Amino acid sequence: MPVKINAVDLYIIKSADFAKPILEHFRYLVHKACLQVEEKIKWSFPHFDYNGNMMCSMAAFKQHCAIGFWKASLMNDKHKLFNAEDAMGHLGKIISLKDLPADKLLLQYIKEAMKLNDDDVKLPARKKTTSDQVETPDYFLAALKKNKTAFKNFETFSPSHKKEYNEWITEAKTEATRNKRIQQATEWIAERKSRNWKYARK
């Protein structure tokens, strides 16, 4: 008997109408393939764990759904289903059941993800960066490039100054907050101001 948690039920109920059948169907397939699956809410969207490790996830947005496999980089993807260019997940933007791969294929991928957990295969460790190195998000760089002065100044900033701005942008909790910070950051950088210029000693 599948073990489902109320938090995932509630997540689906609160999702947009187009998303409900997509989420329900993927959830059904996960439980069909993996009887021992554990449902959890992590980072505010449903995850499916197996054998003590994350296996796959699903999420609903305003206009599309996304499905992800935690160890996608280690999977064979022999049917070339993975395409993360347009969504947070690995199957592209899903707006209807028709956009999902065939059940037979999805079940194969879920079972492959299960086997990776059964075999205790680990993801490669992420490369460590120094304390002054924080990668600049593509969306922030794109905004800076629209302002030639800001982009030129940012390129000449010290690693610590870049880090302050990058952390401020990426730590935004909502898209609206992030966009507001990007706009403010661009203005300050164009004036060669550091993130904490207000508190700098004169």
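One can find the structure itself at the top, above this paragraph.
It should be emphasised that the depicted structure is a prediction, and the values quoted were computed from it without experimental measurement.

## Here's the deal with the pairing of strand β1 (residues 38-42)
Here is step 1: Where β1 meets strand β2 (residues 45-50), five bridges bridge the pair, whose relative direction is antiparallel. Opposite Glu39, over in β2, you have Phe48 as the bridge partner.
Here is step 2: Here β1 folds back onto β2 in antiparallel fashion, the turn holding two residues, of which Trp43 has a positive phi close to 55 degrees.

## Focus: the sheet that holds strand β4 (residues 65-69)
Here is step 1: Strand order in the open sheet made by the four strands is β1-β2-β3-β4, with antiparallel pairing throughout. On the outer flanks of this sheet lie β1 and β4, each paired with one strand and no other. Between one strand axis and the next, the sheet turns by 25 degrees as a mean value, whatever way the strands run.
Here is step 2: Summarising the sheet, β2 and strand β3 (residues 53-60) pair through four bridges and their orientation is antiparallel. Along β3, the bridge assignment pairs His47 with Ser57.
Here is step 3: Docked against the sheet, helix α2 (residues 19-33) engages β1, β2, β3 and β4, running at close to 165 degrees with respect to β3.
Here is step 4: Across the sheet, helix α3 (residues 103-118) lies against β2, β3 and β4, angled at about 145 degrees from β3, the strand it touches most.

About the cut-offs
Per chain, the residues get numbers from 1 upward, laid out in the order the sequence is written. Restriction of local features to residues with pLDDT of at least 70 applies here, the model being predicted, together with a cutoff of 80 or more for giving and counting side-chain atom pairs; totals for whole chains, interfaces and linings are based on all residues. Excluded from the side-chain calculation are hydrogens and water; included are all heavy atoms of the structure. Criterion used throughout: strands pair if DSSP finds at least two bridges between them. Each helix is a run of H or I in the DSSP string that is no shorter than four residues. Each strand is a run of E no shorter than two, and both are numbered from the N terminus. The axes are straight lines fitted to the C-alpha atoms, using for helices just the contacting stretch, and the angles between their N-to-C directions are given from 0 to 180°. We call two residues in contact whenever any of their non-hydrogen atoms come within 4.5 Å of each other.

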